Amino acid sequence: MKISEILKSSDKPFASIEIVPPLKGIRKDELLKNVGRFMDYAPKYINVTSHRDDFEFVAKADGTYEKHLVRNRISEISVCSVIREAFDVEVVPHLICGGSSKDEIESKLYNMRFLGFENVLALRGDCLSGEKRFTPQPDGYAYASELVEGIRKFEAGCGEDIFSIGVGAYPEKHFEAPNLEMDIANLKKKVDAGADYVITQMFFDNEVFYEYERRCREAGINVPIIPGLKPLSTPAQINRLPEAFSIDIPNDLASEVSTHANDRKAVFQIGTEWCRMQCRDLIAHGVPAVHFYTMGNPDNVTSILKDCF
Ligand code: FAD
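Residues numbered from 1 in each chain as written. Predicted model: local features only at pLDDT ≥ 70, side-chain atom pairs only at ≥ 80, totals over all residues. Heavy atoms only, no water.

Chemist: I keep staring at the sheet that holds strand β5 (residues 90-96) and nothing clicks. Help me out?
Modeler: Hydrogen bonds between backbone atoms are what pair the strands of a sheet, whose relative direction is either parallel or antiparallel. Reading around the barrel, the eight strands line up as β1-β2-β5-β6-β7-β8-β9-β10 and close back on themselves, with parallel pairing between neighbours. Each adjacent strand pair in this sheet contributes to an overall mean axis angle of 30°, direction not counted. Sitting on the sheet, helix α7 (residues 206-218) touches β7 (164-169), β8 (197-202) and β9 (225-229), and the angle it makes with β9 is about 155°. (Pairing = 2+ DSSP bridges. Helix = DSSP H or I, 4+ residues; strand = E, 2+ residues; numbered from the N terminus. Axes fitted to C-alpha atoms, helices over the stretch in contact; angles between N-to-C directions. Contact = heavy atoms within 4.5 Å.)

Below is the structure:
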């Protein structure tokens, strides 16, 4: 079922989760055991992130270097297939511009269509490690809005309405955008190109989300905006999350975590409670759904799903 249809037909807020594909070497059963822990709480769909192949340069005896492909993770399409088959749950593979030409993206879309996938999250993708600015592939898409346009063209070529398309958004501004207003204008380009809904980057202050949503509506963005949450789980994350995702950790949360920095269990609990409070408040404000970024230990997200949905 398309996420756009799920959003239209749901009469109460629901949860979805996002997972990162496992590292190479893992067996299907191990993945399913981990994902199975969330299934008791019936997330409506599972997003699977997409990652660019990374390369390493290995020095040879003659002083030259040889380029080696490092495939760190199992592909999002394989992961989506086994999850859907095992749990009969809707899956959303992420599709990124980075690292692929338009033809290669088209080939991925054919694979998704072949497998009967009805959903995709269209993203530009992160920079490669060591890269400061995103560099599109020669003959690749430079922005997610171009990718959305490309997916809609692909559908037109097939003569079918295949995908419900989601896109990413940044309540605290995407780190490259000159200002929030321009970033919202760029979000509107994605929606105008054919995106059906938006999922936000994680945030820890709901007031930031409410103001962002208000400004998006004011800018004429009328599709559902789904807040993305991640429970903070380790002391180091009060620095790592802002660094990696260009977001703020509110002072109340950062101070509490700092006070218990030597007690990992306490920090895990503090982060879980904060996220539970955010989730309850978002539901009370009438959001259509809440999307959870799950990384590592699923105990925090499953306990929030159990209490809030
Ligand atoms: P875009 O919408 O293309 O925006 C990128 C920047 O360009 C923004 O600053 C925007 O304001 C600007 N911009 C957009 N259009 C234009 C234009 N026409 N002219 C000038 N400027 C423009 N990364 C991964 O690698 N894999 C994943 O699976 C993944 N999943 C994610 C899931 C969610 C829900 C979110 C929110 C992010 C995810 N990311 C993922 C991270 C994302 O790829 C990065 O944040 C990336 O830097 C931006 O992607 P985007 O799709 O938002 O880009």
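Chemist: Before we go on, may I ask you to explain helix α9 (residues 251-259) in this structure?
Modeler: Each α-helix turn comprises 3.6 residues. Residues three or four places apart therefore point the same way. Buried residues of α9: L253, A254 and V257, and no others. All buried residues of α9 project into a common sector of 95° when viewed along the axis, lining one side. Residues of α9 that are exposed and point more than 90 degrees away from the buried face comprise N251, D252 and T259. Packed against the buried residues of α9 are α8 (237-245) and α10 (264-284). (Buried < 20%, exposed > 50% of the residue type's maximum accessible area, 1.4 Å probe, protein only. Arc of directions from axis to C-beta.)

Chemist: Any chance you could explain the pattern of salt bridges here in plain terms?
Modeler: Side chains that carry opposite charge are capable of pairing whenever their charged atoms lie near each other. All chains considered together, the criterion is met by 13 salt bridges. In this structure, R37 and D299 form a salt bridge, with 2.3 Å as the shortest nitrogen-oxygen distance. One end of the pair, R37, is in helix α2 (residues 28-39); the other, D299, is in helix α11 (residues 299-308), and 262 residues separate them in sequence. Note that R214 is salt-bridged to E211, the shortest N-O span being 2.8 Å. A residue pair is termed a helical-turn pair when its members lie 3 or 4 positions apart in one helix, as R214 and E211 do in helix α7 at three residues. R214 gets classed as partly exposed once you look at its relative accessible area, which sits at 41%. Judged by relative accessible area, E211 falls into the partly exposed class, the value being 37%. Residues participating in the shared-partner salt-bridge network are R124, R133 and E176. (Salt bridge = Lys/Arg side-chain N within 4 Å of Asp/Glu carboxyl O.)

Chemist: What's the story with the pairing of β7 in this structure? I'm lost.
Modeler: Note on strand geometry: in a regular strand, side chains alternate between the two faces of the sheet. The buried fraction of β7 is high, at six of six residues. Of the two faces of β7, the one holding S164, G166 and G168 and the one holding I165, V167 and A169 are both buried throughout. With four bridges connecting them, strand β6 (residues 119-123) and β7 associate as parallel partners. By the bridge assignment for β7, V120 is matched with I165. With helix α5 (residues 144-158) bridging β6 and its parallel neighbour β7, the resulting β-α-β unit is right-handed. Bridge count between β7 and β8: four bridges; the pairing is parallel. Each residue of the ladder has a partner; that of V167, found in β8, is V198. Taking the sense of rotation as the criterion, the β-α-β connection linking β7, helix α6 (residues 180-192) and β8 turns out right-handed. (Right-handed = clockwise from strand over helix to strand, strands pointing away.)

Chemist: When you look at the site of the ligand in this model, what are you seeing that I'm missing?
Modeler: Taken together, 23 residues are adjacent to the ligand, and S50, Y170, H174, D183 and K190 come closest. Here an oxygen atom of the ligand and a side-chain polar atom of K190 are 2.7 Å apart. For the ligand, the accessible surface in isolation is 980 Å², of which the surrounding protein chains cover 87%. Listing elements by their share of the shell around the ligand, those giving two or more residues are β5, β6, α6 and β8. Among the elements that make up the shell around the ligand, the one with the highest residue count is α6 (four residues). Tallied by class, residues from the shell around the ligand come to nine nonpolar, eight polar and six charged. (Near = heavy atom within 4 Å. Polar contact = N/O pair within 3.5 Å; in protein donor to acceptor, adjacent residues only side chain to side chain. Areas by Shrake-Rupley, 256 points an atom, 1.4 Å probe, with all protein chains shown as cover. Nonpolar A, V, L, I, M, F, W, Y, C, P; charged D, E, K, R; others polar.)

Chemist: Looking at this structure, how should I read the packing of aromatic side chains?
Modeler: The description of two aromatic rings rests on the distance between their centres and on the angle between their planes. Summed over all chains, the structure comprises five aromatic pairs. Measuring from centroid to centroid gives 5.2 Å for F203 and F209, while their planes differ by 10°, and the two rings are stacked. Here F203 and F209 have matching classes, each one buried. Geometrically, the ring pair formed by F209 and Y210 is edge-to-face, given 5.9 Å between the ring centres and 70° between the ring planes. For the pair F209 and Y210, a shared accessibility class is recorded, and that class is buried. Members of the aromatic cluster, each reached through a chain of ring pairs, are F203, F209 and Y210. (Phe/Tyr/Trp six-rings, centres within 6.5 Å; stacked < 30°, edge-to-face > 60°.)

Chemist: Sorry, what's going on with the nonpolar core here?
Modeler: Within soluble globular proteins, side chains that are nonpolar tend to cluster in buried spots. Residues I19, I46, I83, I151, F163 and F292 are the most contacted members of the largest nonpolar core, which totals 63 residues. In this view, I151 contacts L95, L109, V120, A122, F163 and I165; residues no more than four positions away in its chain are not counted. In terms of nonpolar packing, the next biggest core, distinct from the first, is built from 27 residues, I6, I96, L123 and I270 among them. (Core = buried A, V, L, I, M, F, W, Y, C linked by side-chain atoms within 4.5 Å.)

Chemist: Help me understand the packing of α7 against α10, please; the structure alone is not making it clear to me.
Modeler: Following both chains from N to C, one finds α7 and α10 inclined at 30°, their axes separated by 10 Å at the closest point. Seen from above, α7 lies across α10 with right-handed handedness. In contact with N206, F209 and Y210 of α7, α10 contributes Q278, D281 and L282. A per-class count over the contact of α7 with α10 returns three nonpolar, two polar and one charged. (Left-handed = near helix turned anticlockwise from the far one by under 90°.)

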